[in-house]
Amino acid sequence: MEIKAAVTALGALAQETRLAIYRLLVEAGRDGVAAGRIGEALKVPAATLSFHLKELSRTRLVSARQEKQFIFYAVDFDRMAELMTFLTQNCCQGMPQECLTVVQTALGSCCATAKSNLKRKTKRR
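Note that the coordinates shown come from a computational prediction; the quantities given were computed from them, not determined experimentally.

1. Describing the overall build of the protein
At step 1: Helix and strand content of the protein: seven helices and three strands.
At step 2: Its helices and strands taken in sequence order, the protein reads α-α-β-α-α-β-β-α-α-α from the N to the C terminus.
At step 3: Long-range contacts, defined here as pairs at least 24 residues apart, represent 58% of the contacts in the protein between residues at least 6 apart.
At step 4: Working note: accessible area of the protein is about 7,700 Å², and carbon and sulfur atoms make up 54% of it.

Here is the structure:
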């Protein structure tokens, strides 16, 4: 991940409502949540929710899919892993495996694909 993409992603998450949406979607997993349910759960009006989901989608932190009349949003766990890898790549005095073990453990509890992608990226180094 390039620094500009990381700044954009972190900027999108640096807003209370968007962070709450993102965390709800992380908890939901790969299946995601219908937009209406997100609004209900977080008590966010539809227009406001649409604005924030658009911002999260623009940064590729979440993706949308339509099923019949519903739009479901889900976290892009591969993108989340890219961001976490970017944030930790120079940590621990040049020994990123120290930090990445913690990250891999955290990702492993929610998403096996993100964990395996993270392992592949650290092995390339």
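Additional details are given in the paragraphs that follow.
2. Here's the deal with the packing of helix α2 (residues 16–28) against helix α4 (residues 46–58)
Describing two packed helices takes the angle between their axes plus the distance from one axis to the other.
At step 1: Where α2 meets α4, the closest approach of the two axes is 10 Å, and the angle between their N-to-C directions is 70 degrees. When the interaxial angle is binned, α2 and α4 end up roughly perpendicular. Of the residues in α4, those touching α2 at T17, R18, I21 and Y22 are L49, F51, H52, L53, E55 and L56.
At step 2: Here the contact of α2 with α4 is composed, by residue class, of six nonpolar, two polar and two charged.

3. Concerning the side chain of R79
At step 1: Mapped onto the elements of the fold, R79 is located in helix α5 (residues 77–88).
At step 2: Once residues lying within four places of it in the same chain are set aside, the contact partners of R79 are M1, A5, T59, R60 and L61.

4. What to know about unusual backbone geometry
At step 1: Even without glycine at this site, R60 takes up a positive phi of about 65 degrees.
At step 2: For R60, the location among the structural elements is in the loop between α4 and β2 (62–67).
At step 3: For R60, a relative accessible area of 43% translates into the label partly exposed.
At step 4: Of note in the backbone geometry, K68 takes a positive phi value of approximately 55 degrees without being a glycine.

5. Let's talk about the pairing of β2
At step 1: In the sheet, β2 pairs with strand β3 (residues 70–75) via six bridges, with the strands oriented antiparallel. Counted as the bridge partner of V62 is V75 from β3.
At step 2: Between the antiparallel neighbours β2 and β3 lie two residues, among them K68 with a positive phi of about 55 degrees.

Criteria and cut-off values
- Residues numbered from 1 in each chain as written.
- Predicted model: local features only at pLDDT ≥ 70, side-chain atom pairs only at ≥ 80, totals over all residues.
- Heavy atoms only, no water.
- Helix = DSSP H or I, 4+ residues; strand = E, 2+ residues; numbered from the N terminus.
- Contact = heavy atoms within 4.5 Å.
- Areas by Shrake-Rupley, 256 points an atom, 1.4 Å probe, with all protein chains shown as cover.
- Axes fitted to C-alpha atoms, helices over the stretch in contact; angles between N-to-C directions.
- Parallel < 35°, antiparallel > 145°, perpendicular 65-115°, else oblique.
- Nonpolar A, V, L, I, M, F, W, Y, C, P; charged D, E, K, R; others polar.
- Buried < 20%, exposed > 50% of the residue type's maximum accessible area, 1.4 Å probe, protein only.
- Pairing = 2+ DSSP bridges.

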